[in-house]
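Spelled out, the chains give:
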Amino acid sequence: MREQDPLIRAKNFEEVACGYLADDALLESERCLMCPDQPCVSGCPVGINIPGFIAKINEKDFRGAYDILTDTNLLPSICGRICPQENQCEGKCTVGESLEPVAIGRLERFVGDTAIKAGWVNIPYIEANRFKVGIVGSGPAGMACAADMAKAGCDVTVFEAFHQAGGVLKYGIPDFRLPNAVIDAEIENLKKLGVKFECNTLVGRLFTIEQMITEMGFDTVFVGVGAGYPTMLGIPGDSLNGVLSANELLTRCNLMRARDFPNYDTPQPMGKRVAVVGAGNTAMDAMRVSLRLGAEKVYCIYRRSHKEAPARAEELHHAEQEGVEFHWLTNPVAVLNDGDGNAKGIRCVRMELGEPDESGRRRPIPVEGSEFDFEADLIVYAIGTNANPIMGQTSKLRLNKWGYIDADSGLATSLAGVFAGGDIVTGAATVIEAMGAGRKAAASMKAYLGIRDSNLAYGQGEEKQFGIDLCERNFVRVRVA
Amino acid sequence: MSNFEIVTREDFSDVTYLLEVRHPLMAKAAKPGQFVIVMLSEQGERIPLTIADFDRAKGTITLVIQAVGKTTRQMQKECAVGTSLYAMVGPMGVPSSISHAKKVICVGGGLGVAPIYPQARAFKEAGAYVIGVVGFRNKGLVFWEDKFRAVCDEYIICTDDGSAGIKGLVTAGVTQAIDKHHDIDEVVAIGPLIMMKGCCDTTRPYAIKTMVSLNPLMVDGTGMCGGCRVKIGNHVKFACVDGPDFDGHQVDFHDLIMRLRRYTKEERIAMDHWEESCRLQKSIDRKVDSATSA
Ligand SMILES: Cc1cc2nc3c(=O)[nH]c(=O)nc-3n(C[C@H](O)[C@H](O)[C@H](O)COP(=O)(O)OP(=O)(O)OC[C@H]3O[C@@H](n4cnc5c(N)ncnc54)[C@H](O)[C@@H]3O)c2cc1C
Ligand SMILES: Cc1cc2nc3c(=O)[nH]c(=O)nc-3n(C[C@H](O)[C@H](O)[C@H](O)COP(=O)(O)OP(=O)(O)OC[C@H]3O[C@@H](n4cnc5c(N)ncnc54)[C@H](O)[C@@H]3O)c2cc1C
Ligand code: SF4
Ligand code: SF4
Ligand code: FES
């Protein structure tokens, strides 16, 4: 795929990967073997019919490919860009055993972008029922749930605390990876399905989840408020000026547009030397944003090795190309004070890998006497997040011991009619997993309301229930409201 | 839930002004000690402001604002009755716990005078004996005296120059009240950090529980960015979701004061940039005027 030159793109916020042209997509689609056992499909958390949509591309029937994709995935342009494909669909691809796997993500993005350009939307015939559904949080989990409930005929309202919808897609992931125009296009499609968005609404504080059901007339509620609450390292110097979480840096830059300061009011002063702690997607984003805001040197500090870095392979590669300096097996022990309350550097210790721990990754252990200092005036922590506490503070939802919402396998919570999914249930995960959770919850919500689930594929699982053919049962529309 | 219309505006002085904003749901939900985050325009910054009062019947909340920098001054200039804010979200933060204290001192200084009012009123409604202590630079800046007197059993005004009430800082008023009453259960202080620190230092020898409302810099106000983190004893807390009220004797004020200075340079740039655009706009207006009148 064509990409912007690393030296040029490290100075702008234009998209790095330019995407396929139709010819590229056709060529790539040739490489798919149409494997009968479809290993790739088992690698996709939502089970997209991958060979199916690739075959349509190959027939130059892009609209057909779009139809197949949107059967299962609401946001192909987004997933095609930011799924960690190497661990998911592409990781299982047969071709990948000997050659580069089929570029499933890029093909998916091509189809999604083509649809946006052409203005295709698949709006099914929707027969309105009288159910009211409330969705809390407008991230991928909330959006996916909203779409399914709207298609089922419900009156759906999405409540979002920020002044713009989109969740992490908007405030976290930068434009050069996922342009805002793509997110906005997908949100517009939701609006076409009849979904209403209410921004500037902090659920829990403005009204509680219980009130949504008892006073506001919602028949069922989905909670997808994300994880959020960033972890600090807990080392000396954590609160010095110039130490901040990646979430703060990214929110200031992406949502609040600090990169256009002072035309936009929110500032994000950039350091000359920036040290980012962590090696996940959030860390990569923070590093690459720092470069674009004018940092001269950007270091990545990670206590394990390159192999264990949790970021998408493509992001790591892009960050390397753009000139980020990686320091593997390095762990921070203190942030250094310039005497005036500002960070002037970070003291680290070298690590070596010991025996594998519970997660199966080799446990890093400090090498005695190996302390050394980095000079840095901006220090960014990207070491993970905890559960956002607001839902727990304001409702009787049962939480697990880490503060995440406790949900059963159908994503029902301890409150009747309230379902939850995405990062607030599983802890930080991926966009497609959050969307999968949103759809799974939607299926449970439909069952809870007793409305026919048109998304249930016929013949999936049991064919007969109580001696009645499931296909037939699916045609019966049960109405309880 | 859009359209946050300004229905009343009052100017207490050339730096302090009041805005009453329509938001029926928020008026219903708001409790003392909570705050909102406001954006004046799409390009604006998100700034936290305490809910100084709320009127459930009218469906409005009241903000009292001190013009200290770019955003608060631009709001002072642009927020007329009938205009709308671009965004307002809340009520945020854990409501103040109105304890069963029988005798309390409610202290407000500077931008803390307005937000201490709903707390004083709530204590009064809970049956406490309320001593109000408020500080201003001079007599000309005093506001809401009637409102306070209506909910306070005793009311002490302190001014820097002695032009109203007693001469001195609010800590002088607090000391005076403690000397007079030996059974104070709780002190609640809201205002500039240095003032809240002063109050805590005053009450510490008497071991009187002292609650303060912290005002670190904030971005989202939902616990997502960590920008508002404060040190409370040995713990790091996020003021927007764990606070903003904390036990003042546990707060690391030094740390917080250093952190508030983080963006001094950028605040200056934003201010200059805005003033420059105001000047340009004026000169354009003048040119248009002279062109049209010619
Ligand atoms: C910087 C960054 C980069 C990432 N990169 C990738 C990537 O490349 N690939 C990938 O697959 N995943 C990536 N992820 C992870 C992925 O973004 C998340 O797993 C996913 O967004 C979770 O979706 P969600 O819907 O559960 O929550 P979120 O996207 O977090 O959305 C939750 C929304 O709820 C709102 N909210 C919170 N509380 C309330 C409330 N009380 N009332 C109303 N609204 C509320 C929030 O403002 C937010 O908009 C990344 C994450 C980050 C932070
Ligand atoms: C929970 C909370 C409640 C608040 N309630 C009120 C209120 O009811 N009325 C009110 O007038 N202000 C209140 N503030 C402070 C208000 O948010 C700031 O004054 C405002 O953000 C300044 O924006 P600015 O662009 O005008 O000034 P800036 O240009 O950002 O700053 C100008 C000056 O103000 C100082 N300043 C900036 N932010 C703060 C802050 N958070 N606290 C104290 N000083 C600050 C700066 O250090 C600088 O000296 C509150 C803050 C918090 C966190
Ligand atoms: S949604 Fe993600 S995992 Fe599934 S096929 Fe698309 S890119 Fe692969
Ligand atoms: S595994 Fe690879 S080659 Fe086989 S069908 Fe899937 S994408 Fe095509
Ligand atoms: S303001 Fe962002 S976490 Fe409190």
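Just so it is clear, the model here is predicted, and its values are computed rather than measured.

What counts and what doesn't
Counting of residues starts from 1 at the beginning of each chain's written sequence and follows it residue by residue. Written order decides the labels, with chains lettered from A and ligands numbered from 1. Only residues with pLDDT of at least 70 are given local features in this predicted model, and only at 80 or more are side-chain atom pairs given and counted; all residues enter the totals for whole chains, interfaces and linings. Each side-chain value is derived from all of the structure's non-hydrogen atoms; neither hydrogens nor water enter the calculation. Helix numbering and strand numbering both begin at the N terminus, where a helix is a DSSP run of H or I of at least 4 residues and a strand a DSSP run of E of at least 2. The globule rule is 2.2 Å times the number of residues to the power 0.38, and the radius of gyration it is compared with is taken over C-alpha atoms. The cut-offs for exposure are 20% and 50% of the maximum accessible area for each residue type, with area from a 1.4 Å probe on protein chains only; residues under the lower value are buried, those over the upper are exposed, and the others partly exposed. Working rule for contacts: check all heavy atoms of both residues, and any pair within 4.5 Å makes them a contact. Near is defined per residue: the residue qualifies when any heavy atom it owns lies within 4 Å of the molecule or strand. Each residue is assigned to one class: nonpolar for Ala, Val, Leu, Ile, Met, Phe, Trp, Tyr, Cys and Pro, charged for Asp, Glu, Lys and Arg, and polar for all the others, Gly among them.

## What about the overall build of chain A?
Next, step 1: Scanning chain A for helices and strands turns up 18 helices and 16 strands.
Next, step 2: A compact globule built from 481 residues should have a C-alpha radius of gyration of about 23 Å, and chain A, at 23 Å, falls within 12% of that.
Next, step 3: Considered along the principal axes of its C-alpha atoms, chain A spans approximately 75 × 55 × 50 Å.
Next, step 4: Counting only residues that meet the buried cut, chain A has 58% of its 481 residues in that class.
Next, step 5: Within chain A, contacts between residues separated by at least 24 positions form 68% of all contacts whose residues are at least 6 apart in sequence.

## Structural notes on unusual backbone geometry
Next, step 1: Residue B:Pro91 follows B:Gly90 across a cis peptide bond; omega there is -5 degrees.
Next, step 2: Positive phi values are uncommon outside glycine, yet A:Gln38 reaches one of about 45 degrees.
Next, step 3: Among the secondary structure elements, A:Gln38 is positioned in the loop between α2 (22–30) and α3 (39–43).
Next, step 4: For A:Gln38, a relative accessible area of 31% corresponds to the partly exposed category.
Next, step 5: The residue B:Ala207 is not glycine, and still its phi comes out positive at about 55 degrees.
Next, step 6: One can find B:Ala207 in the loop between α6 (193–203) and β14 (209–213).

## Looking at the site of ligand 4
Next, step 1: For ligand 4, the full set of nearby residues is A:Cys32, A:Leu33, A:Met34, A:Cys35, A:Pro39, A:Cys40, A:Pro51, A:Cys93, A:Thr94, A:Val95 and A:Ile104.
Next, step 2: Residue composition of the shell around ligand 4, by class: 10 nonpolar, one polar and no charged.

## Comments concerning helix α5 (residues 62–72) of chain A
Next, step 1: Burial of α5(A) is extensive: eight of the 11 residues sit out of reach of the surface.
Next, step 2: Here α5(A) has its buried residues at A:Phe62, A:Gly64, A:Ala65, A:Tyr66, A:Ile68, A:Leu69, A:Thr70 and A:Thr72.

## Some points on the site of ligand 3
Next, step 1: Close contacts around ligand 3 come from A:Cys44, A:Pro45, A:Ile48, A:Ile50, A:Asn73, A:Cys79, A:Cys83, A:Gln85, A:Gln88, A:Cys89, A:Glu108 and A:Ile432, and that covers them all.
Next, step 2: Residues that form the shell around ligand 3 fall into these classes: eight nonpolar, three polar and one charged.

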